[in-house]
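So the chains spell out like this:
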Amino acid sequence: MNKILIVMGLCLLFSNTSCESKKEEKKEEVHFVVTNPIEKDTAITKEYVAQINSIQHIELRAQERGYLEKIYVDEGQHVKKGQLLFQIMPKLYEAEMQKAKAEADFAEIEYKNTERLSNNKVVSTSELAMAKAKLSKAKAELMLTNLHLQFTQIRAPFDGIIDRFHVRLGSLIEEGDLITSLSDNSKMWVYYNVPEAEYLDYTAKLQGNAKAKVNLLMANNKIFDYPGVVETIEGEFNNETGNIAFRATFPNPKGLLRHGETGNIQMEVSVKNALLIPQKATFEVLDKKYVYIIDSNNTVQSKEIEIVAELPHLFAIKGLSTKDKILLKGLRLVKENEKIEYKLEKPEYVMSHLELYAE
């Protein structure tokens, strides 16, 4: 019996020694690496909320009153300049033109007879002048009725895409009624607002007639295939927001972009004394970014930061200083207010070896 107790005691002793050894090994395996934010001039890609417009976008309205007799196109259809789109019932205008033509013909005959009599000294020159004026008036009336007749045909003023119809076949249309819209999407104008300080940096950076290139981040978080060029800047700042509107032009050969879309312009902006930290030193809680700060007592404290811009492997941030110590390696192994031992790496070294710190 004593032998059995001795054996059991030895087993327990070895078991405890083994567990303590594993705990020590586990503790030794944890290596905490700390670094500082670094401050330096850099160029960051900044995003601006943008509104996408067609290079030409107009409303097609009726210029005459009447019933919509024919529709030659469909919503969303590509049309060519001069193509017939809609026909308003022309009968009334055709009758008016025929009447005006008859009056013009009568006035011309009357003028020729008066001219013959004037040449023979039968009538005075004033009567001839009146006959000529009457003919001119009749011709003008004929041109006017012909113009009204032409207005019953609504044609495309340029190549584009037909928008939604606001009327249907047989509708009674009044002069000025909106029928549809037409958009030329061969190129797109993208408008976005830039703060005053960034506008000044932008203009200082450009040389001569150089134009900055920008990218468009679409609503599906994909970059549009074709870069755009900043072509114009509005003449005045908005006093309420302190922003000024930029306009970038994008080619749209595949017709992907449409009038009224939204997106984000990505423009390279120079930033002086930007505060940079590795992306791997951050973690996210409820859509907010945090880092672990190591205080003077070597205690871990979480701190919220504001992301100014995203660079490859780096964040430009607000909310820290270059004197702060941030935890770079071991983020998943620490708890709030926990005291740790760590190794401090210089930020210059960390920046050049970022990929070595994957966990």
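Predicted model, so just to flag it, every value in this text is computed and none were measured.

Student: Report on the overall build of the protein chain, specifying residues and quantitative values.
Tutor: A tally of regular secondary structure across the protein chain gives five helices and 19 strands. Here the protein chain holds 359 residues, and 34% of them are scored as buried. Long-range pairs, those at least 24 residues apart, make up 75% of the contacts in the protein chain with a sequence separation of at least 6. As displayed, the protein chain has an accessible area near 23,100 Å², and 52% of this comes from carbon and sulfur atoms.

Student: Residues and numbers for the packing of aromatic side chains, please.
Tutor: Applying the stated criterion across every chain yields a total of ten aromatic pairs. Centre to centre, the rings of F86 and F165 are 5.4 Å apart; their planes meet at 75°, and the pair counts as edge-to-face. Of this pair, F86 sits in strand β5 (residues 84-88) while F165 sits in the loop between β7 (160-162) and β8 (172-173), placing them 79 residues apart in sequence. Relative to F246, the ring of Y202 lies with its centre 5.1 Å away and its plane at 70°, an arrangement referred to as edge-to-face. One end of the pair, Y202, is in helix α4 (residues 196-205); the other, F246, is in strand β12 (residues 243-251), and 44 residues separate them in sequence. Here the two residues Y202 and F246 agree in accessibility, since each one is buried. An aromatic cluster is built from Y48, Y192, Y199, Y202, F237 and F246, whose rings are joined through pairwise contacts. In this arrangement the basic side chain of R247 is found over the ring face of W189, its NZ or CZ atom lying 3.8 Å from the centre.

Student: Let's hear about the side chain of N36: which residues, and what values?
Tutor: Tracing the backbone through its elements, the reader meets N36 in the loop between β1 (33-35) and β2 (38-61). On the basis of relative accessibility, which here comes to 16%, the residue N36 falls in the buried class. A polar side-chain atom of N36 sits 2.8 Å from the main-chain carbonyl oxygen of D324. Ignoring any residue separated from it by four or fewer positions in sequence, one finds N36 in contact with T322, K323, D324, K325, L344, E345 and P347.

Student: Explain helix α2 (residues 91-119) to me, using residue names and the numbers behind them.
Tutor: With 29 residues, α2 should cover 42 Å at 1.5 Å per step; its first-to-last C-alpha distance of 42 Å lies within 8% of that length. Where α2 is concerned, the buried positions are Y93, M97, A100, A104, A107, Y111, T114 and S118. Considering only its buried residues, α2 is in contact with α3 (125-150). Positive phi appears at K121, one or two residues downstream of α2, with a value of about 65°.

Student: Can you lay out the packing of α2 against α3 for me, pointing to particular residues and giving the numbers?
Tutor: Running from N to C, α2 and α3 cross one another at 160°; their axes reach a closest spacing of 8 Å. Relative to α3, the element α2 lies roughly antiparallel. Considering the relative orientation of α2 and α3, their crossing is left-handed. Class assignment of the residues belonging to the contact of α2 with α3 gives a composition of 13 nonpolar, six polar and twelve charged.

Reading the values: rules and limits
Residues numbered from 1 in each chain as written. Predicted model: local features only at pLDDT ≥ 70, side-chain atom pairs only at ≥ 80, totals over all residues. Heavy atoms only, no water. Helix = DSSP H or I, 4+ residues; strand = E, 2+ residues; numbered from the N terminus. Buried < 20%, exposed > 50% of the residue type's maximum accessible area, 1.4 Å probe, protein only. Contact = heavy atoms within 4.5 Å. Areas by Shrake-Rupley, 256 points an atom, 1.4 Å probe, with all protein chains shown as cover. Phe/Tyr/Trp six-rings, centres within 6.5 Å; stacked < 30°, edge-to-face > 60°. Lys NZ or Arg CZ within 6 Å of the ring centre and 35° of its normal. Polar contact = N/O pair within 3.5 Å; in protein donor to acceptor, adjacent residues only side chain to side chain. Expected span 1.5 Å × (residues − 1). Axes fitted to C-alpha atoms, helices over the stretch in contact; angles between N-to-C directions. Parallel < 35°, antiparallel > 145°, perpendicular 65-115°, else oblique. Left-handed = near helix turned anticlockwise from the far one by under 90°. Nonpolar A, V, L, I, M, F, W, Y, C, P; charged D, E, K, R; others polar.

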